[in-house]
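# Descriptive structure summary
Okay, here's what each chain looks like letter by letter:
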Amino acid sequence: MKKKILIVDDDIDVQQQMKVILDENGYDFLVAENVKEAAEHLEKEQVDLILLDVMMEKDSDGFNFAQKLKSTEKYKGIPIVMVTSVNQRTPFKFGTERDGDFLPVEKFIEKPIDPEAIIKAIHQYLPAASR
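Cut-offs applied
- What you see as residue numbers is a count from 1 along each chain, following the sequence as written.
- Since the coordinates come from a predicted model, pLDDT governs what is reported: local features require at least 70, and pairs of side-chain atoms require 80 or more to be given and counted, while whole-chain, interface and lining totals use all residues.
- The basis for every side-chain value is the complete set of non-hydrogen atoms in the structure, without hydrogens or water.
- Secondary structure follows DSSP: runs of H or I at least 4 residues long count as helices, runs of E at least 2 residues long count as strands, and numbering of each begins at the N terminus.
- Only protein chains enter the calculation, and the probe is 1.4 Å; a residue is then buried if its accessible area is under 20% of its type maximum, exposed if over 50%, and partly exposed in between.
- Contacts between residues were defined by any pair of non-hydrogen atoms, one from each residue, lying within 4.5 Å.
- Axes, fitted as lines to C-alpha atoms, cover a helix only where it is in contact. Angles between the N-to-C directions of the axes lie from 0 to 180 degrees.
- When describing relative orientation, an angle under 35 degrees is termed roughly parallel and one over 145 degrees roughly antiparallel, while 65 to 115 degrees is termed roughly perpendicular and anything else oblique.
- By convention, the crossing between two helices is left-handed when the near helix turns anticlockwise from the far helix through less than a right angle, and right-handed when the turn is clockwise.
- For this analysis, a nonpolar core means a set of buried residues of the types Ala, Val, Leu, Ile, Met, Phe, Trp, Tyr and Cys, connected via side-chain atoms within 4.5 Å.

### Focus on the side chain of Asp 48
Take Asp 48: it is sitting in the loop between α2 (35-44) and β3 (49-52). Residue classification places Asp 48 among the buried positions, given a relative accessible area of 15%. If we skip the residues at most four places from it in the chain, Asp 48 touches Lys 2, Lys 3, Lys 4, Ile 78, Pro 79 and Leu 126.

### What about unusual backbone geometry?
In this model, Lys 111 is joined to Pro 112 through a cis peptide bond whose omega is 5°. Relative to the helices and strands, Pro 112 resides in the loop between β5 (107-110) and α6 (115-125).

### Quick notes on the packing of helix α1 (residues 12-24) against α6
Helix packing geometry: the angle between the two helix axes and the distance between the axes. Two elements in contact, α1 and α6, have axes separated by 11 Å at closest approach and are oriented at 55°. Taken together, the axes of α1 and α6 lie oblique to each other. Considering only the axes of α1 and α6, their crossing is right-handed. Each of Met 18, Ile 21 and Leu 22 in α1 lies in contact with α6, whose residues at this interface are Pro 115, Ile 118, Ile 119 and Ile 122.

### Details of the nonpolar core
Residues Leu 6, Val 8, Leu 42, Ile 50, Leu 52 and Met 82 are the most contacted members of the largest nonpolar core, which totals 22 residues. Broken down by secondary-structure element, the contributors of at least two residues to this core are β1 (4-8), β2 (28-32), α2, β3, α3 (61-70) and β4 (80-84). Per-element tally for this core: the top contributor is α3, with four residues. When neighbours within four sequence positions are excluded, Leu 42 is seen to be in contact with Leu 6, Val 47, Ile 50, Phe 65, Leu 69, Tyr 75 and Ile 78. Listed in part, the 18 residues of the second largest apolar core include Ile 7, Val 14, Tyr 27 and Val 83.

Here it is, written out as structure tokens:
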């Protein structure tokens, strides 16, 4: 059974890039434009990994959603890869190596989208044997 990845990003261009990357690498995916849609998908479907933007309707939507998921028993085991341009658009500099206790995510990847970095992160949390 193919692994399913939830893309949560309000940028249509980023959604398209992610869809192509995931499709070419044999993953099923769902797309949400905001955290409300993402929560609805999670209620209806089993998701194996989440690719999550930070700044959507509110600048902290992604952080808040990740914290909510990691504090909910049903969802806390789902790996979250944060894919964002927050480091470029704000004075804040985040990274899981430096801020691992603060950031409730497994990995932090900078935009613009680097397909190799995305796939490497996915493979890190979804081993090849399970794809």
